[in-house]
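Summary of structural features
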Amino acid sequence: MKIEKDTVVSLTYELKAGDAQGPVVEKVDESAPFVFLFGSGHLLKDFEDNLMGLEPGKSFEFTINSDNAYGAFSDDAVIDIPKNVFEVDGRIEDGLLNEGNYLTLEDQHGNPLRGKVTQVGNENVKMDFNHPLAGHDLHFKGGVVDVRKATETEIAHGHVHGPGGHHH
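Read on for a plain summary of the structure. As the structure is a computational prediction, the values presented were derived from the model and not from experiment. (Residues numbered from 1 in each chain as written. Predicted model: local features only at pLDDT ≥ 70, side-chain atom pairs only at ≥ 80, totals over all residues. Heavy atoms only, no water.)

What the rule picks out here adds up to seven salt bridges. Ionic pairing is found between D6 and K5, a salt bridge with its closest N-O pair at 3.7 Å. Here D6 falls in the partly exposed class, since its relative accessible area comes to 26%. Judged by relative accessible area, which is 52%, K5 ranks as exposed. (Salt bridge = Lys/Arg side-chain N within 4 Å of Asp/Glu carboxyl O. Buried < 20%, exposed > 50% of the residue type's maximum accessible area, 1.4 Å probe, protein only.)

As structure tokens, this is what we get:
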């Protein structure tokens, strides 16, 4: 079966930042393939466009330009937050504000925002809310492990059920 809308796809791949010579960001092998509902709108459009029509056993290699992935790095998404925002009962949890930590905060409307602690000062914490791959082209190389028709329930829910997918 070929990859098309409303199929469940299982892939292995290696993702590199930049190009084929870039650093490895993620590696997915056959012991735990990436399983997803194709055409559900949850993945990058260019990612799915490059997989359309492939069958199990076929390999792929493509690069997605940063503009079509996670966009350009934005200096406006790097902000200083008063240190006292992180206090609970007048105290900051040990290890919470270590540089490199990712923290989930909420914006003024209660929406979650994931940011990386980049610098801790006496009064403020500098956090970067850009996607970790913002400003990077994405290079994928991998293979199609399996393709099957999605069930009506999977299509209605917008995600895969069962092994390798979402369980209720």
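The pairing of strand β5 (residues 78-82) with strand β8 (residues 124-128) spans five bridges and is antiparallel. Among the inter-strand pairings, D80 is bridged to a residue of β8, identified as K126. Direction of pairing for strand β7 (residues 112-120) relative to β8: antiparallel, over a ladder of four bridges. If you follow V117 over to β8, its bridge partner there is M127. Linking two consecutive strands that pair antiparallel, namely β7 and β8, is a turn of three residues. (Pairing = 2+ DSSP bridges. Helix = DSSP H or I, 4+ residues; strand = E, 2+ residues; numbered from the N terminus.)

It is worth spelling out the sheet that holds β5 at this point. Spatial ordering of the open sheet is given by β5-β8-β7-β6, a layout of four strands whose pairing is antiparallel. Each edge of the sheet is formed by a strand with only one pairing partner; in this case those strands are β5 and β6 (102-106). When the angles between neighbouring strand axes are averaged without regard to direction, this sheet yields 45°. (Axes fitted to C-alpha atoms, helices over the stretch in contact; angles between N-to-C directions.)

Pairing geometry for strand β1 (residues 7-17) and strand β9 (residues 138-149), over eleven bridges, is antiparallel. Paired with K16 across the bridge in β9 is H139. Where strand β4 (residues 59-64) lies against β9, six bridges are found, and the strand directions are antiparallel. Within the sheet, the bridge partner assigned to F62 lies in β9 and is F140.

With respect to the helices and strands, the residue A69 is situated in the loop between β4 and β5. The class of A69 is buried, set by a relative accessible area of 16%. When the C-alpha positions of A69 and R91 are compared, they lie 39 Å apart, and in sequence the two are 22 residues distant. Once residues lying within four places of it in the same chain are set aside, the contact partners of A69 are L44, I64 and L138. (Contact = heavy atoms within 4.5 Å.)

Positive phi, close to 65°, is recorded for D6, a residue that is not glycine. If you trace the backbone, D6 turns up in the segment before β1. Of note, D89 is a non-glycine position whose phi angle comes to about 55°, a positive value. Among the structural elements, D89 can be located in the loop between β5 and β6.

Further remarks concern the environment of D29. On the secondary structure map, D29 appears in the loop between β2 (24-28) and β3 (34-37). On the basis of relative accessible area, D29 is assigned to the partly exposed category, the value being 42%. C-alpha of D29 to C-alpha of G143: the two residues are 114 residues apart in sequence and 9.5 Å apart in space. Here S31 takes part through its side chain, which lies 2.4 Å from a polar atom of the side chain of D29. (Polar contact = N/O pair within 3.5 Å; in protein donor to acceptor, adjacent residues only side chain to side chain.)

If you look at the biggest cluster of nonpolar residues, it comprises 21 residues, and the most contacted ones within it are F47, L51, F60 and F140. Contributing elements (two or more residues each) for this core: β1, α1 (45-51), β4 and β9. With residues up to four places along the chain from it excluded, the contact list for F60 reads L11, T12, Y13, L51, L54, F140, K141, G142, G143 and V144. One finds A77, I81, L97 and L103 within the second-largest nonpolar core, a separate group that totals ten residues. (Core = buried A, V, L, I, M, F, W, Y, C linked by side-chain atoms within 4.5 Å.)

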